[in-house]
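# Structural overview for review
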Amino acid sequence: MMRKPRFLCLHGYRTSGEIFKKQVVRRWPDSVLQNMDLVFVDAPFPALGKSDVEGYFDPPYYEWFQFDEAFMEYRNFNECLDYIQDCMLNHGPFDGLMGFSQGAILSAALPGLQAKGLALTKVPKLKHLIIIGGATFLSPIMSEKAYSSGISCRSLHFLGYCGAHVRSI
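Residues numbered from 1 in each chain as written. Predicted model: local features only at pLDDT ≥ 70, side-chain atom pairs only at ≥ 80, totals over all residues. Heavy atoms only, no water.

### What to know about the overall build of the protein
- Scanning the protein from terminus to terminus reveals five helices and nine strands.
- In the protein, the order of α-helices and β-strands from amino to carboxyl end is β-α-α-β-β-β-β-β-α-β-α-β-α-β.
- Based on the C-alpha atoms only, the size of the protein along its principal axes is roughly 40 × 40 × 30 Å.
- Roughly 9300 Å² of accessible area belongs to the protein as shown, and the carbon and sulfur atoms make up 53% of that amount.
- For the protein, the separation between the mean place of its 17 positive charges and that of its 16 negative charges on side chains is 9 Å. (Helix = DSSP H or I, 4+ residues; strand = E, 2+ residues; numbered from the N terminus. Areas by Shrake-Rupley, 256 points an atom, 1.4 Å probe, with all protein chains shown as cover. Lys, Arg positive; Asp, Glu negative; His and termini not counted. Charge placed at Lys NZ, Arg CZ, Asp CG, Glu CD.)

### A few points about helix 3 (residues 77–91)
- The end-to-end C-alpha distance of helix 3, which contains 15 residues, comes to 21 Å, matching closely the 21 Å that a straight helix rising 1.5 Å per residue would cover.
- Every buried residue of helix 3 is accounted for by F77, C80, L81, I84, Q85, C87 and M88. Buried residues in helix 3, looked at end-on, bunch into an arc of 155°, giving them a common side. The outward face of helix 3, more than 90 degrees from its buried face, is lined by the exposed residues N78 and N90. (Expected span 1.5 Å × (residues − 1). Buried < 20%, exposed > 50% of the residue type's maximum accessible area, 1.4 Å probe, protein only. Arc of directions from axis to C-beta.)

### Quick look at the side chain of S139
- With respect to the element layout, S139 can be found in the loop between strand 8 (128–132) and helix 5 (140–147).
- Beyond its immediate chain neighbours, meaning those up to four positions away, S139 contacts F71, M72 and Y74. (Contact = heavy atoms within 4.5 Å.)

### Brief notes about the pattern of salt bridges
- Tallying each qualifying case throughout the model produces five salt bridges.
- Between R14 and E63 there is a salt bridge; the shortest N-O distance is 2.6 Å. With R14 in the loop between strand 1 (6–10) and helix 1 (17–27) and E63 in strand 4 (residues 62–63), this residue pair connects regions lying 49 residues apart in the sequence. The burial state of R14 is the same as that of E63; both residues are buried.
- The salt bridge partner of K127 is D95, with a shortest N-O separation of 3.2 Å. Of the two residues, K127 is situated in the loop between helix 4 (102–115) and strand 8 and D95 in the loop between helix 3 and strand 7 (96–100); the sequence distance between them amounts to 32 residues.
- Note on K127: relative accessible area 46%, which makes it partly exposed. (Salt bridge = Lys/Arg side-chain N within 4 Å of Asp/Glu carboxyl O.)

Shown next, in the form of structure tokens:
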């Protein structure tokens, strides 16, 4: 029997792994979900401000890293990368990453950082990405590190709202 592809799932800004799981499970068809092994984790840092999902989903809320208003400087970023690698070592092996919003920004950057030996050095090379509502780092220094080699693994990108029209093929 063939093993299902396993994805580490990185939630959005000031939400949680449980919230991301609820968002995916209630919107994606069973025919898709049954063919994937999804592992949802919480980011390492408690939210430092109000969450946009308050009133819709219960706390606690988390952040992967913090940033300035211009989204040019990042705090706790290396700690975040170490935390993701630890999650992959403790809960893996993983074939890829699935990220939403802030988790999608990280997911899109990690293959490039991994290829340059700047992240995920103790885990196998990422083979797959699912990017939902992502963006790029605006800092030229971070962009050079993360994107100069491009995404060299298979990737699926959802632009806009998460999974409203996902169909099995």
